[in-house]
Structure formats: C-alpha cells, structure tokens
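# Understanding the architecture of this molecule
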Amino acid sequence: MSKSSERIAIVGSPNSGKSSLFNRLTGLRQKVANYPGVTVEKKVGQCRLPSGRDLVLVDLPGTYSLSPRSPDEAIVRDVLEGRGAAGETADRVVAVVDATNLERQLYLALQILATGRPAILVLNLIDAAEAQGISIDVAQMERLLGVPVLAVSAKTGRGIDRLRVALDAPHANGHRRALEEALDPARGYRNVEEIVRRVVRRTPGRSGARAGLDRVLTHRVLGPVLFVLFMGAVFQSIYAWATPAMDALAAGFGALAGAVQAALPAGPLRSLLVDGVIAGAGTVAAFLPQLAILFFFIALMEDTGYMARAAFIMDRVMGAVGLPGRAFLPLLSSFACAIPGIMATRTIENRNDRLATIMIAPLMTCSARLPVYALLIGAFIPDRHVLGILSLRGLTLLSLYLFGILVALAVAWVLKRTLLRGPRPLYVMELPPYRVPSWRSVLLTIKNRCLLFLQKAGTVIVAVSLVLWFLASYPTSKPGTPPGEALRHSFAGQLGRAIEPVIRPLGFDWKMGVGLISSVAAREVMISTMATVYSLDGSGDPSTSLRRTLPRVRDERTGLPSYTPLVAISLMVFFALACQCMSTVAVARRETNS
Amino acid sequence: MTAMTLALLAPGDRAVVRGIQAEEDFARRLMELGLTPGTEVALVRRAPFGDPLELVVRGSHFTLRRSEAERIHVEEL
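Residues numbered from 1 in each chain as written. Chains lettered and ligands numbered in written order. Predicted model: local features only at pLDDT ≥ 70, side-chain atom pairs only at ≥ 80, totals over all residues.

## Quick look at the overall build of chain A
Definition in use: Under the scheme used here, helices are H or I runs from DSSP no shorter than 4 residues and strands are E runs no shorter than 2 residues, and both carry numbers assigned from the N terminus. Think of it as a crowd count around each C-beta: if 20 or more other C-beta atoms lie within 10 Å the residue is buried, if 12 or fewer it is exposed, and in between it is partly exposed, with C-beta placed from the backbone throughout. Here, residue contact means that the backbone-derived C-beta atoms of the two residues sit within 7 Å.
The helix and strand inventory of chain A stands at 26 helices and twelve strands. For chain A, with 594 residues in total, the buried portion stands at 42%. For chain A, the proportion of contacts with a sequence separation of at least 24, taken over those separated by at least 6, is 69%.

## Some points on the overall build of chain B
Using the following cut-off: In this setup the radius of gyration rests on C-alpha atoms only. A globule is expected at 2.2 Å times the number of residues raised to 0.38.
The secondary structure content of chain B amounts to two helices and five strands. Listing each helix as α and each strand as β along chain B from the N terminus yields β-α-β-β-β-α-β. Here the C-alpha radius of gyration of chain B, 11 Å, is about what a compact globule of 77 residues would show, namely 11 Å. Principal axes of the C-alpha set define a box for chain B whose edges measure 30 × 25 × 25 Å. Counting only residues that meet the buried cut, chain B has 44% of its 77 residues in that class.

## Quick word on the domain arrangement of chain A
Residue and element names in this part refer to chain A. Let me state the cut-off plainly: Each domain's extent is set by a domain assignment, obtained either automatically or from a database. Ten residues, namely Ala, Val, Leu, Ile, Met, Phe, Trp, Tyr, Cys and Pro, are considered nonpolar, four, namely Asp, Glu, Lys and Arg, are considered charged, and the remaining ones, Gly among them, are considered polar.
The assigned domain composition of chain A is domain 1 (7-207), domain 2 (221-368 + 392-455) and domain 3 (456-592). Placing the centre of domain 1 and that of domain 2 at their C-alpha centroids yields a distance of 32 Å. Taken together, the nine residues of domain 1 in the interface contact ten residues of domain 2. Among the elements that line the side of domain 1 that touches domain 2, the one with the most residues is helix α1 (residues 18-26), at three residues. Grouping the amino acids of the side of domain 1 that touches domain 2 by side-chain chemistry returns two nonpolar, six polar and one charged.

## Points about the sheet that holds strand β2 (residues 40-46) of chain B
Strands pair in a sheet through their backbones, by hydrogen bonds, and they do so in one of two ways: parallel or antiparallel. Short version of the rule: Strand pairing is defined by DSSP finding a minimum of two bridges between the two strands. Note on definitions: angles span 0 to 180 degrees between N-to-C directions of axes, and those axes are lines fitted to C-alpha atoms, for helices only across the stretch in contact.
Judged by pairing direction, the sheet is antiparallel, and its six strands sit side by side in the order β12(A)-β4(B)-β3(B)-β2(B)-β1(B)-β5(B) without closing on themselves. Because the sheet does not close on itself, it has two edges, and the strands there are β12 (428-430) of chain A together with β5 (72-76) of chain B. Ignoring strand direction, the axes of neighbouring strands in this sheet form an average angle of 40°. Two elements, β12(A) and strand β4 (residues 60-64) of chain B, share three bridges in a ladder whose sense is antiparallel. Residue pairing for β4(B): A:V428 is matched across the bridge by B:L64.

## Some points on the packing of helix α5 (residues 138-145) of chain A against helix α8 (residues 185-199) of chain A
Residue and element names in this part refer to chain A. Let me state the cut-off plainly: When the near helix sits turned anticlockwise from the far one by under a right angle, the crossing is termed left-handed; a clockwise turn instead gives a right-handed crossing.
Relative orientation of the contacting elements α5 and α8 amounts to 145°, with a least axis distance of 9 Å. In this structure, the crossing between α5 and α8 has a hand that is right-handed. Between α5 and α8, the residues in contact are Q140, M141 and L144 and I195, R198 and V199, respectively. Classifying every residue of the contact of α5 with α8 by side-chain character gives four nonpolar, one polar and one charged.

## Details of unusual backbone geometry
The step from B:D51 to B:P52 runs through a cis peptide bond, and the omega angle for that step is -5°. Following the sequence through the fold, B:P52 ends up in the loop between β2 and β3 (53-57). Although it is not a glycine, A:L125 adopts a positive phi angle of roughly 60°. Mapped onto the secondary structure, A:L125 falls in the loop between β6 (119-124) and α4 (126-131). Within the chain, B:R58 stands out as a residue other than glycine whose phi angle is a positive 50°. With respect to the helices and strands, B:R58 occurs in the loop between β3 and β4.

## A look at the interface of chain B and chain A
Contacts between chain B and chain A engage 27 residues on the former and 24 residues on the latter. For the side of chain B that touches chain A, the secondary structure elements donating two or more residues are α1 (24-32) and β4 of chain B. In terms of residue count, the dominant contributor to the side of chain B that touches chain A is α1(B) (six residues). For the side of chain B that touches chain A, a count of residues per class yields ten nonpolar, seven polar and ten charged.

## Considerations on α1(B)
Taken as a whole, α1(B) has its buried residues at B:R29, B:L30, B:M31 and B:E32. Among the structural elements, α8 of chain A together with β1 (14-20) and β5 of chain B are those in contact with the buried residues of α1(B). Of the residues flanking the end of α1(B), it is B:G34, one or two places downstream, whose phi is positive at about 110°.

## Focus on the nonpolar core
Just so we agree on the cut-off: For this analysis, nonpolar core means a set of buried Ala, Val, Leu, Ile, Met, Phe, Trp, Tyr and Cys residues linked through C-beta atoms within 7 Å.
A:I10, A:A95 and A:V122 are the most contacted members of the largest nonpolar core, which has 175 residues in total. Not counting the four nearest positions on each side in its chain, A:A95 is found in contact with A:V11, A:G12, A:A109, A:I112, A:L113, A:A119, A:L121 and A:V122.

## Remarks on the environment of A:A242
Looking at the secondary structure, you find A:A242 in helix α10 (residues 222-263). In this structure, the C-alpha to C-alpha distance between A:A242 and A:G513, residues 271 residues apart in sequence, is 31 Å.

## Quick look at the pairing of strand β5 (residues 92-98) of chain A
Residues and elements named next belong to chain A. Put simply, the test is: A crossover gets the label right-handed when its path from the first strand over the helix to the second runs clockwise, viewed with the strands pointing away from the viewer.
Summarising burial for β5: six of the seven residues are buried, a large majority. Pairing analysis gives five bridges linking strand β1 (residues 7-12) to β5, with the strands arranged parallel. Each bridged residue has a counterpart across the sheet, and for G12 the counterpart in β5 is V96. The pairing of β5 with β6 spans six bridges and is parallel. Each bridged residue has a counterpart across the sheet, and for V96 the counterpart in β6 is V122. Running through helix α3 (residues 102-114), the crossover from β5 to the neighbouring parallel element β6 is right-handed.

## Here we look at helix α23 (residues 525-533) of chain A
Counting buried residues in α23(A) gives seven out of nine residues, a clear majority hidden from the surface. For α23(A), the complete set of buried residues consists of A:V525, A:M526, A:T529, A:M530, A:A531, A:T532 and A:V533.

## Digging into the pairing of β6(A)
Residues and elements named next belong to chain A. Here β6 lies mainly inside the structure; five of its six residues are buried. Inspection of the sheet shows β6 paired to strand β8 (residues 149-151) by three bridges, in the parallel sense. Along β8, the bridge assignment pairs L123 with A151.

## Some thoughts on the confidence of the model for chain A
Heads up, the condition is: Within a predicted model, pLDDT stands for the predictor's per-residue confidence, ranging from 0 to 100.
Summing up the model confidence of chain A, the mean pLDDT is 83 and the portion of residues at 70 or higher is 94%. In the model of chain A, strand β2 (residues 30-34) of chain A stands out as the element of lowest mean pLDDT, 70, in contrast to β8(A), which has the highest, 96.

Next up, the structure:
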C-alpha cells in the first residue's frame, strides 16, 4: 500500500457493527496483523472512492471509552490523539455507532469528536433501528455535532455509496472540544441524553427476537442443554468434516512427493524436497480444515450473538478454576487439536485469562495422540473386562482423557493464583441483540484466520521440519544400509542416546528417545519412526506390525523386554503431559507474542 | 443509605443507581457503560447456574458477576 494514501481509522464500541462496515468498504482487499508487542489485532484494508482514489482503512480495536486502561484502548486513544501508536496514524476518523442503541453508543462517539480529529459519524444498523420504530433526525444531528452524519446499513449496503462520496470530499478540520468533559461518565452521558432527546423519535415498532430467544437459550435447564448439544455438534464436525479434507490434502501431498520422487534422481536434494519440504508443508496444510471449520462456528456464534450467551451460561462453571466462560470453546476444540484451540482464545479479552487458557489447551487429549495411545493400548493393555462390562482398554483410554483434563484444571487453578494472578477483571460483557449472520464476514474471518496461521505458524513449522529432516538424514550411511541402521547412526539417533540418561527413569531407552524427538514434528509421526527404528519392513500398516513387534523387543544390555505395560503407561502419560508438538509451540508463541 | 444492592434484585425488578462502592478504576468502568448515578437499571435474569446476572441499562443488555453487582447501591422502584 502506498505511503501517500490518506489513512482513515474506523472506531466504535465492540457491538457497533464496525467490522462489518470495514468489510463492506474494503471487500477482500484487507489483511490482519498484530500491533507490535501487544496481542491486539490490527486490520488494514483498501477502499476505492468514486473519484478512483484509494484510501487506507484501519479497523481499530472495539472500545467503550477513550480513557486508556487496556492495550486496546491505549492504541485507539493514541491514534486519535495523533501520537501514532505502534506505527499507526490516521488522517481522519469514521466513528461508528449502532443506531438501535444511540444512548449508549454516542458516549464514545462524543469522545472521538472531542479529540478534534476530522471525523464522520456513521449510524450503522439503520434498517434495524427503523424496524424497531426508532427514527433519527440526521440533519439535526449534523447541526448539533458539527460533523457529517450518515445513516447506513453495512449488512445490506444501504447508504454505503453516500459514505464513499463523503469520504471522497475534502474534509474540514475538526476542532478539539472539551475532551475532559466528554471523558467524565456523568457529564458525558448527560450530553448524550440531551442529544438523543433532540434527534430520536420513537414509534411503536416490532421488538427484536431477543426476549423470546433468550428465554429459551439462557433458560435454567434448556440453556445448558442446548449449549451442550451445540458444542457437541461443533466438536463432532471438527472431527468428522475435517477428516475427508485432511485425507484429501494428505493424498495431494503424497502425490506431489511421489511425482518429485519420480522426477529427481536419488540424492540429498530429492530427500530434502520429499522428506523435508513437502512433508513440512503437508503438516501445515493438515491443520487448515480443522481451523476453517472451527472458525466457521466461532464467526457464526459471534455474528449471531450466541457467543455472549454461551459465555453467560458457562461463566460460573469455568469460574471454579478462575477461567472465564469464553475459555470453554477453545478448550473443547483442543480435544481435536490444540492449534485451532489456541487460535480461538482470541475471543478472550483479558490477557491473563487468555494466557492461562493457552497454557492448558495442549493438555487436552488431541486427536494426534490417539494413534499413539491406540498402538500402546493395543500392544500392552490386556483385552479384559472389569466389572463384567467395562473394557479395560476403553477404561485406559478414558483415564488418559480425564487425566489430561484434571491436570489442565489444576494447572489453570495454580496459574491463576500465582503467575497470572491479578485483580479478577471486571466482568462486564454486553449481550448484543441477535442478528442474522453475514456470510460475507463469516467467510472473511475464516480466510483471515487461515492466512494468519500460514504466515505466522506455518513458516516456523516448515523450518522445524527441515531441522528434523536434517537430524534424521545426516550423517549419511553407506548406500544399501537398512533404514533402521541408518537412523541409528544419524544425529537423531545420537541425540536419542544422549537423552537416554534423562528419560531412563521413565523407563524409556534411546530408541524411544528417537521416537520422542521425531514426535516433535507431530505426535503421530512417532509411529512411523518407531517402525523405522525397529527395522520393520515398509510393507503393511506400521501400527499393526508395531503392535506385534513391540512386546518382543528386548533391551540390548539386559535382555529383558524393553516394553512392559508399565513402560507403555509411562509413555502414554508422557504423551498426555508433554507439550512436544512443534506446531502447538509455534502457535502459542505467536499468539502470546513471547 | 440502605444496603440495597443490584445483586439483591429479583428478575424483573427495576431500580435506580445511587452509587458504586469500589476502587475508582472499577467504578469508572461501570459508569462508562452507562451506570451513572440516577440511571435506571433492570435485572432481567440470572444465568442458569445462578451467576452472572443480566441487566438492562440505557437500552443495552449487560452481564455482571454477582460479586460485582453487590458493590452497586440502588434504590428499588
């Protein structure tokens, strides 16, 4: 984007519909980034004006006031005061208010106007206001406020053309008014009441769907039941819908690897491309289906207003370990995969709450642990029944899930009392009116999230894959060496031996160490690595042959079985607790900016 | 002043805010949401597990934890 373009900041409170206005004005020409050093999201886009000129639009974080306390508010305030927060400046401001709720929304708008930045006031959701019998005297408002006022509907596009014309017109300089007065709640709201009294006329209109829907969705019994059903559906879709897409992606990358394999002569380059680059890119791509599906539901819940109700219902339950109601969905998603779960913590506003949720999300039993559990349980846990009906194998699996949850809750409880202690944040949350979601903004959210993941975490994951490839491939052995023998002599094998003293107390030998090192790429990779370590031939499903092989493996020195049921349980507990998945670490790092 | 607080209202009750007994930052935050002295509030419902509470202030619906609502003094209407 050219530096000379005029920059316009869009400012409004969280439920003013400012993001849909931003989407409407910029279309697909937008990108999401973080402000340096803070986990506040920055959306920037371009908007074409009737004259053919391009504007740069910046969607600032939603805020209720300009008195800066949170990082979000500080950024908004600094940009408006012309201090240029975190590299951001604005020549002009578009203040967005929800026309159905002028009395509360004008409080922030008056503060924005009082900063003296040249501004345009946009009354968004004007069709919803009219349907509710609210009519607003726009001309009178312009006279009272001294800035252009436009009534629009970002959702239907009504009034957007006139807004583009207004943005195209040369702007008058604003003048700084009594900002201190506007920032004082008592006086600020008195001014708002006065303006509302003079511009708003109410006639009986149909009331929204709120009362009826809330009676059901936040009902004492029905509310939690519907919530659980809905969450179950979300979770099931992440599992069920993502699998075909993930399989297709895996097949695609497999075909690509095959094509490269066929086109290039055997050698370091082919090995680098096939086992390093393509394998790494495949790991990254495998996350996209789950991410897209989860963010589809999150955007849907946010857009319809159900997210706030879900948080309302769950707040008490999650509050038992000091987490907010909004932590529930990210944690639930982490049972599929911690990556989308951690990215979903963006819906948690408070920083400490968000960090605590990110820290415990990897403890939820993700689907990548399942193949490892299935292998070890199948090989070492006897197929018996306890109490007649309960399968011992099923119970073991269930215990592993519960173990992860209990440890996570304990960690959250401790974190919130130690490192992340702090005044419990004031829990005020708006319950916005129910709205029909805009598919456009739902799709944009999915696209932005996936791109952000590819840029921020994807690059790290590919880089780590390359390092792991190098460790497993060098130093090279003589041609014709069996793969298992070659792996033993590689850096990965040496590393496995080096960490053996550390993992010995857990009952692991160096071969398992090699498997653990490889599981950094993705937990289930451990299985194929183990198959190589034990020099299984490549034929058949590695999991099935390993299940038969592992119980027969003997320790090189003692001659005793390497794996006992106890070692298997130790290994599974290690998998339950250890955050060795590089993708999780990469995402957690990016999401916390640490 | 009576000890009536927002937390003691029953669903459907209306009241007027008289004052907020809390540190300045906390009180300011609530006032910025429109809970200035003299403002009418209504308690809509309690969450299914008893906490938080849903309020209407100046036409907007908010949720507030009971421990927070206890610090807002009101006069019932």
